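Given next are the chains, with one letter for each unit.
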Amino acid sequence: LCCFVITEVKTQDLLIQGEVKDQSTGEKLEFVTVYVANTKYFAETNQAGAFELRLPFQNAIILNFSKLGYEKSKKSIRIRTKMASNGFSLKIIKL
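About the cut-offs
- Residues numbered from 1 in each chain as written.
- Predicted model: local features only at pLDDT ≥ 70, side-chain atom pairs only at ≥ 80, totals over all residues.
- Heavy atoms only, no water.
- Core = buried A, V, L, I, M, F, W, Y, C linked by side-chain atoms within 4.5 Å.
- Buried < 20%, exposed > 50% of the residue type's maximum accessible area, 1.4 Å probe, protein only.
- Helix = DSSP H or I, 4+ residues; strand = E, 2+ residues; numbered from the N terminus.
- Pairing = 2+ DSSP bridges.
- Axes fitted to C-alpha atoms, helices over the stretch in contact; angles between N-to-C directions.
- Contact = heavy atoms within 4.5 Å.
- pLDDT = per-residue confidence, 0-100.
- Polar contact = N/O pair within 3.5 Å; in protein donor to acceptor, adjacent residues only side chain to side chain.
- Phe/Tyr/Trp six-rings, centres within 6.5 Å; stacked < 30°, edge-to-face > 60°.

Visitor: Looking at this model, I keep getting lost on the nonpolar core. Mind explaining?
Guide: Side chains of a nonpolar character, in soluble globular proteins, are inclined to be buried together. If you look at the biggest cluster of nonpolar residues, it comprises 17 residues, and the most contacted ones within it are Ile 16, Phe 51, Leu 53, Ile 61 and Leu 63. Taken together, the elements giving at least two residues each to this core come down to strand 2 (13-21), strand 3 (33-36), strand 5 (50-56) and strand 6 (60-66).

Visitor: Whenever I open this one, the sheet that holds strand 4 (residues 42-44) confuses me. Can you help?
Guide: Backbone-to-backbone hydrogen bonds join strands into a sheet, with any given pair of strands oriented parallel or antiparallel. Strand order in this open sheet of 4 strands is 4-3-6-7, and the pairing throughout is antiparallel. The open sheet has two free edges, formed respectively by strand 4 and strand 7 (73-78), since each of these has just one partner strand. With strand direction ignored, the average angle separating the axes of adjacent strands in the sheet is 20°. One ladder, built from 3 bridges, connects strand 3 with strand 4; its direction is antiparallel. Residue pairing in the sheet places Val 34 in a bridge with Ala 43 of strand 4.

Visitor: What is the right way to read the side chain of Ser 66 from this model?
Guide: Structurally, the position occupied by Ser 66 is in strand 6. Residue class for Ser 66 comes out buried when judged on its relative accessible area of 15%. Contact partners of Ser 66, with chain neighbours within four places excluded, come to Phe 31, Val 32, Thr 33, Tyr 35 and Lys 72.

Visitor: Looking at this structure, how should I read the pairing of strand 3?
Guide: Each regular strand displays side chains that alternate between the two surfaces of the sheet. Judged by which residues are buried, strand 3 turns out to be one-sided: Val 34 and Val 36 face inward and are buried, whereas Thr 33 and Tyr 35, on the alternate face, are not. Hairpin remark: strand 3 followed by strand 4, antiparallel, with 5 residues in the connecting loop; positive phi at Asn 38, about 60°.

Visitor: Sorry, what's going on with the confidence of the model for the protein chain here?
Guide: Predicted coordinates in regions of low pLDDT should not be interpreted in detail. With 71% of its residues at a pLDDT of 70 or more, the protein chain shows a mean pLDDT of 77. Within the protein chain, no element has a lower average pLDDT than strand 8 (residues 83-89), which sits at 48, and none a higher one than strand 4, at 95. Segment residues 87-95 is flagged for pLDDT under 50; beyond a separation of four residues in sequence, or across chains, it makes 26 contacts in the model.

Visitor: For this particular structure, what's the right way to read the environment of Gln 17?
Guide: Its location among the elements puts Gln 17 in strand 2. Put simply, Gln 17 and Arg 54 are 37 residues apart on the chain and 8.8 Å apart in space, counted from C-alpha to C-alpha. A polar atom in the side chain of Gln 17 sits 3.1 Å from the side chain of Glu 52.

Visitor: Looking at this structure, I do not really get the packing of aromatic side chains. What am I missing?
Guide: In this description, a pair of aromatic rings is defined by centroid distance and the angle of the planes. Inspection of every chain in the model, using the stated rule, returns 1 aromatic pair. An angle of 75° between the planes, with centres 6.3 Å apart, marks the rings of Phe 51 and Phe 65 as edge-to-face. Remark: Phe 65 occurs in strand 6 and Phe 51 occurs in strand 5; sequence separation between them is 14 residues. Judged by its relative accessible area of 5%, Phe 51 falls in the buried class.

In structure tokens:
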């Protein structure tokens, strides 16, 4: 899985948008669950592999990613400015 995340602060809210792709093939992945650790906030990727999360502003979050057939993964994000971009990769399980 590969995900590029953009975070943006808007009036005390945090907007997280991203796209999840298979790291090996580049295929956009649907039905990937994306959730913020220790909160009730989550989203699922659509047919285009995109997701969007809105939550109260926090200085740091941990995003968790899971999909059947793939290794679960997480990414820590520290919010320092009004807009930040974080790119990272998630590993595929060899079945």
